[in-house]
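Below, each chain spelled out in residue letters.
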Amino acid sequence: MTTRLLRRLAASLIVVWLVASGTFFLVALAPGDLASKMADPRISPAARQRLREHFGLHRPIWKRYVSWLTDTVSGNLGDSFLFRRPVREVLAAALPNTAILAFWGLFLELVLGLALALVQASKPHSFWDRLLSALSLGAYAMPTFLVAAVLLWLFAYTFPLFPPSHMAEPQAQGLSFGGRLAETARHLALPALTVGLTGCGAVARYVRGSLLDEKQQAYVLAALARGCSKRRVLLIHALPNALLPMITVLGLSLPFLVSGSLVIEVIFSWPGMGQVFYAAVTARDVPLIQAGTVLVTTAVVAGNWLADVAYSWADPRIRR
Amino acid sequence: MKGGPRRLRFGLALVGFELTLVVLAPLVLPNPHAIVDPRGAGLLPPFSRVFVVTLQDGTSFAGLELSRKGEVLALRRGSSWEQVPEKLVVSVKPQWYLLGSDTLGRDVAARLVKAGQISLSVGVSSLALAVTLGTLWGMAAVLGPRWLDRLLMALVDAALALPLLFVLLAVSAFVRPSLGTVVLMLGFFSWMGVARLVRGQALLCREKPWFLAAQGLGLKPLRLALVHVLPHLVTPLATDATLRLGDLILLEAALSFLGFGVPPPIPSWGSMAAEGFEVWRLAFWLPVFPGLAIALSVFAFATVADGLGELGRGERIAGEAA
């Protein structure tokens with residue numbers, strides 16, 4: 001078991017390294033170097049040469065690659081052209097906001113998905129089961145911007161209950177801690193609900209399937225024979241076993257969660273990684289694009305690996 | 001086991017309905033690129049009718065209402081009435097907007113259908129690329145030595161964890177956007193699941209007596225793979241591919257929505273939704289229609305995949321019982 005996890009860790013490091021190198025060579029080999037992209041095209045050749053030397057572009061590509069890689073690994077990420085601040089500061093400010101959105105979005109996703117699955121699995125193949133199956137498949141099929149558009153139109157425009165964008169109003173700076181918390185919660189409602197609604201279908205489909213598998217098991221029959229109520233068997237006996245594989249599923253859905261929240265952050269102007277990254281890509285802000293890609297990839301790949309570790313620790317059948 | 005075929009039929013009917021619409025509807029709908037008077041016919045709600053008035057000098061205007069006062073024709077464009085001498089008018093034609101119009105007065109229904117052709121063909125082409133790459137990778141893992149198998153599969157597992165949208169955006173910041181690059185990017189980053197499936201199924205085949213017999217005859221690995229393993233992969237691959245097609249359509253939509261997918265003026269569902277989102281307060285249905293079109297396609301493909309899956313499971317169970 002340990003060797004498999006270590007092998008996966010090594011492969012994860014290789015993949016992160018491949019992605020990082022990919023972003024470097026994509027930039028380095030793209031036509032037109034940084035100096036010509038950033039600077040006024042009318043500057044003198046001497047000034048351009050100085051600029052090239054400032055960025056180290058006169059050195060051979062492999063030397064630049066090695067120094068870029070060591071800089072990135074040691075956390076020296078350079079300055080963002082767009083925000084005119086160190087990349088590290090920009091990313092450090094955005095990361096917690098994405099974490100807040102992802103956490104509450106995931107929370108809603110799980111609550112909604114589990115509720116759907118439990119209702120469905122309590123009476124499989126009934127009318128409600130079929131209806132909810134179709135609904136959860138529909139939720140899975142909806143693109144994030146459709147959900148966002150409907151939520152915005154309903155709850156920010158027709159019934160203006162929640163603000164349509166940003167994390168706080170400008171005047172929220174002066175509020176007390178509790179006031180700021182409430183302000184963030186109000187702004188979080190629509191983006192987090194979008195994450196939850198788009199993700200709950202996949203969770204419901206998965207948990208329903210594994211609950212029905214568990215209901216076939218002998219221990220369920222034994223519990224029923226002992227006189228446990230159906231509800232008790234479903235909630236206390238079958239559900240924990242059905243949730244165990246969810247750890248892996250959550251790990252595997254992490255990339256989708258992060259990718260999905262990119263679109264949601266852009267729509268709701270939520271100042272997280274996704275929005276910063278999108279702004280960087282739109283402005284061709286090379287250092288920020290490179291660092292953002294490496295950071296998000298590392299985070300997601302690491303999360304995935306951790307889910308694998310957690311699963312092998314939680315499931316005694318795999319633990320050895 | 002009855003659920004399988006019924007669900008499959010329902011899914012296939014949905015897919016067939018959509019394909020028919022996408023292929024045949026352009027015959028009856030107006031030109032999706034034609035810009036009809038943004039001021040008179042822009043941002044109309046669904047089921048609107050305008051009158052298109054063409055003048056002698058070739059210019060045309062559109063208005064919601066038309067009235068005739070003697071020699072003068074009055075046309076309501078937006079909130080104001082405008083008057084034209086009747087002798088200058090060449091023709092007056094009513095035009096229906098089934099699903100309304102966008103900011104430039106283009107027909108949303110016609111653009112939706114045109115965008116459907118683009119989005120579906122981008123999805124299918126990138127799917128073909130992903131299936132090819134994945135099959136090659138998975139087969140290489142099965143046929144090669146054990147260390148290669150471990151390396152290739154560990155890479156696949158790790159690559160499955162890539163946050164695709166971030167990686168795709170990073171790539172598209174540096175390549176010139178075109179239909180071809182979108183297909184290449186999508187295909188190149190979504191073959192990993194296929195590789196895993198192919199390897200798993202091929203390993204199952206390798207333990208079957210007919211495979212051992214073929215191997216015992218001394219057949220070359222390539223022939224074993226192509227003739228004796230590949231045919232058995234068709235059903236699971238088809239199931240997986242229909243589900244994957246939905247994912248690819250969603251991914252392309254997200255990419256185009258962010259402005260880094262299919263470049264304008266080619267419409268795609270994602271870019272139509274993005275255009276609509278800029279004016280969602282005025283016309284909330286503009287991002288909703290392309291969104292529903294995507295949801296319908298993904299729903300249809302997932303239903304077909306579910307049906308195929310249940311069918312496959314039924315067959316296998318029947319086979320084992322016999």
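Residues numbered from 1 in each chain as written. Chains lettered and ligands numbered in written order. Predicted model: local features only at pLDDT ≥ 70, side-chain atom pairs only at ≥ 80, totals over all residues. Heavy atoms only, no water.

K.L.:
What should I look at first to understand the overall build of chain A in this one?
P.N.:
Each helix and strand in chain A was counted, giving 13 helices and two strands. Expressed as a percentage of the 320 residues in chain A, the buried residues total 43%. Considering only contacts in chain A between residues 6 or more positions apart, those separated by 24 or more positions represent 72%. Approximately 16,600 Å² of chain A is accessible, and the part contributed by carbon and sulfur atoms is 68%. A distance of 7 Å separates the average location of the 29 positive side-chain charges in chain A from that of its 16 negative side-chain charges. (Helix = DSSP H or I, 4+ residues; strand = E, 2+ residues; numbered from the N terminus. Buried < 20%, exposed > 50% of the residue type's maximum accessible area, 1.4 Å probe, protein only. Contact = heavy atoms within 4.5 Å. Areas by Shrake-Rupley, 256 points an atom, 1.4 Å probe, with all protein chains shown as cover. Lys, Arg positive; Asp, Glu negative; His and termini not counted. Charge placed at Lys NZ, Arg CZ, Asp CG, Glu CD.)

K.L.:
Just checking my understanding: could you explain the confidence of the model for chain A for this structure?
P.N.:
Predicted coordinates in regions of low pLDDT should not be interpreted in detail. The predicted model of chain A averages 85 in pLDDT, with 95% of residues at 70 or higher. When mean pLDDT is taken per element in chain A, helix 12 (residues 273-282) of chain A scores highest with 92 and helix 2 (residues 34-38) of chain A scores lowest with 61. (pLDDT = per-residue confidence, 0-100.)

K.L.:
What should I look at first to understand the pattern of salt bridges in this one?
P.N.:
If the charged atoms of two oppositely charged side chains come close together, the side chains can form a pair. Residue and element names in this part refer to chain B. In the structure shown here, the tally under the stated rule is 14 salt bridges over all chains. Residues R76 and E65 are paired through a salt bridge, measuring 2.6 Å at the closest nitrogen-oxygen approach. Separated by eleven residues along the polypeptide, R76 in strand 4 (residues 72-77) and E65 in strand 3 (residues 65-69) bring together distant segments of the chain. E275 serves as the salt-bridge partner of R111, at 3.7 Å between the closest nitrogen and oxygen. Within this pair, whereas R111 is found in helix 3 (residues 108-143), its partner E275 is found in helix 10 (residues 269-277), the two being separated by 164 residues in sequence. (Salt bridge = Lys/Arg side-chain N within 4 Å of Asp/Glu carboxyl O.)

K.L.:
How should the sheet that holds strand 3 of chain B be read in this particular structure?
P.N.:
Paired through their backbone hydrogen bonds, the strands of a sheet run either parallel or antiparallel. Residue and element names in this part refer to chain B. Spatially, three strands are ordered 3-4-5 in an open sheet, and the strand pairing comes out antiparallel. The sheet is open, and its two borders are formed by strand 3 and strand 5 (80-85), each paired with just one other strand. Across the sheet, the mean angle separating the axes of adjacent strands is 25° when strand polarity is ignored. Examined bridge by bridge, strand 3 and strand 4 share five bridges and lie antiparallel to one another. Within strand 4, the residue paired with R68 across the bridge is L73. (Pairing = 2+ DSSP bridges. Axes fitted to C-alpha atoms, helices over the stretch in contact; angles between N-to-C directions.)

K.L.:
How should the domain arrangement of chain A be read in this particular structure?
P.N.:
Taken domain by domain, chain A consists of domain 1 (31-76) and domain 2 (95-319). Of note, the centres of domain 1 of chain A and domain 2 of chain A, computed from C-alpha atoms alone, are 41 Å apart. (Domains from an automatic or database assignment.)

K.L.:
Even after reading the chapter, I still don't get a nonpolar patch on the surface, so can you show me in this structure?
P.N.:
A cluster of nonpolar side chains, namely I14, W17 and L18 of chain A together with W147 and L151 of chain B, defines an oily patch on the protein surface of about 520 Å² accessible area. Mapped by element, the contributors of at least two residues to the nonpolar patch are helix 1 (2-29) of chain A together with helix 4 (146-159) of chain B. The element contributing the most residues to the nonpolar patch is helix 1 of chain A, with three residues. Here L151 of chain B shows up in helix 4. (Patch = residues over 30% accessible without salt bridge, like charges linked within 9 Å, V, L, I, M, F, W, Y side chains within 5 Å.)

K.L.:
What is the right way to read the packing of helix 6 (residues 127-141) of chain A against helix 8 (residues 177-215) of chain A from this model?
P.N.:
Geometry of a packed helix pair, given as the angle between the helix axes and the separation of the axes. Residue and element names in this part refer to chain A. One way to put it is that helix 6 packs onto helix 8 with a least axis distance of 7 Å and a crossing angle of 135°. Here helix 6 is positioned oblique relative to helix 8, judged by the angle of their axes. Between helix 6 and helix 8 lies a crossing whose hand is left-handed. Together, D129, S133, S136, L137, A139 and Y140 of helix 6 and L197, T198, C200, G201, A202, A204, R205 and R208 of helix 8 make up the contact between the two elements. (Parallel < 35°, antiparallel > 145°, perpendicular 65-115°, else oblique. Left-handed = near helix turned anticlockwise from the far one by under 90°.)

K.L.:
Can you help me understand the domain arrangement of chain B in this one?
P.N.:
Where the parts come together, the accessible area they lose is often given as the size of the interface. Residue and element names in this part refer to chain B. In terms of domain boundaries, chain B breaks down into domain 1 (3-20 + 107-321) and domain 2 (39-97). Relative placement of domain 1 and domain 2: their C-alpha centres are 47 Å apart. With seven residues of domain 1 at the interface, the matching set in domain 2 holds six residues. Here domain 1 and domain 2 share an interface that buries about 450 Å² over both sides, 78% of which is from carbon and sulfur atoms. Between domain 1 and domain 2 we count zero salt bridges in total. The interface formed by domain 1 and domain 2 holds zero residue pairs in polar contact (both at pLDDT 80 or more) in total. (Buried area = accessible area lost by both parts, 1.4 Å probe. Polar contact = N/O pair within 3.5 Å; in protein donor to acceptor, adjacent residues only side chain to side chain.)

K.L.:
How do you make sense of the nonpolar core when you look at a structure like this?
P.N.:
As a rule of thumb, soluble globular proteins bury nonpolar side chains together. I267 of chain A together with F257, L258 and F277 of chain B are the most contacted members of the largest nonpolar core, which totals 118 residues. For this core, the element with the most residues is helix 11 (residues 285-321) of chain B, which contributes 13 residues. Those residues in contact with F277 of chain B that sit more than four places away from it in its chain are F145, A148, A149, L152 and I267 of chain A together with F257 and P287 of chain B. A214, L224, V229 and L237 of chain B belong to the second largest nonpolar core, which has 13 residues in total. (Core = buried A, V, L, I, M, F, W, Y, C linked by side-chain atoms within 4.5 Å.)

K.L.:
Explanation requested: a positive patch on the surface in the structure shown.
P.N.:
The grouping of R7 of chain A together with R146, R150 and R206 of chain B at the surface amounts to a positive patch. Take R206 of chain B: it is sitting in helix 7 (residues 192-206).

K.L.:
Would you explain the interface of chain B and chain A in this entry?
P.N.:
In this complex, chain B contributes 44 residues to the contact, which on the side of chain A involves 48 residues. Interface area, chain B with chain A, both sides summed: about 4,300 Å², of which 80% is carbon and sulfur. Counting across the interface, chain B meets chain A through one salt bridge. A salt bridge links R205 of chain A to D306 of chain B, with the shortest nitrogen-to-oxygen separation between them at 3.1 Å. Linking chain B with chain A are seven residue pairs in polar contact (both at pLDDT 80 or more), by the criterion used here. Contributing elements (two or more residues each) for the side of chain B that touches chain A: helix 4, helix 5 (164-172), helix 9 (221-257), helix 10 and helix 11 of chain B. If you tally residues by element for the side of chain B that touches chain A, the top one is helix 11 of chain B, at eleven residues.

K.L.:
It is not clear to me how the sheet that holds strand 1 (residues 48-55) of chain B should be interpreted in this structure. Could you clarify?
P.N.:
All names here are of chain B. If you walk across this open sheet you meet the three strands as 2-1-6, and the pairing is antiparallel. Of all strands in the sheet, those bounded by a partner on one side alone are strand 2 (60-63) and strand 6 (89-97). The sheet shows a mean angle of 25° between the axes of neighbouring strands, taken without regard to direction. Where strand 1 lies against strand 2, four bridges are found, and the strand directions are antiparallel. Opposite V52, over in strand 2, you have A62 as the bridge partner.

K.L.:
What am I meant to see in the packing of aromatic side chains here?
P.N.:
For any pair of aromatic rings, the description consists of the separation of the ring centres together with the inter-plane angle of the planes. Inspection of every chain in the model, using the stated rule, returns 16 aromatic pairs over all chains. Between Y157 of chain A and W280 of chain B, the aromatic rings sit 6.1 Å apart at their centres with planes inclined by 75°, giving edge-to-face as the arrangement. With Y157 of chain A in helix 7 (residues 144-158) and W280 of chain B in the loop between helix 10 and helix 11, the pair connects residues from two separate chains. Assessed through its relative accessible area of 40%, Y157 of chain A is described here as partly exposed. Accessibility expressed as a relative area gives 10% for W280 of chain B, which makes it buried. Ring centres of F284 of chain B and W285 of chain B lie 6.0 Å apart, and the angle between their planes is 75°; on these two criteria the pair is classed as edge-to-face. With a relative accessible area of 25%, F284 of chain B lands in the partly exposed category. Among the aromatic residues, ring-to-ring pairing joins F24, F25, Y65 and W68 of chain A into one connected group. (Phe/Tyr/Trp six-rings, centres within 6.5 Å; stacked < 30°, edge-to-face > 60°.)

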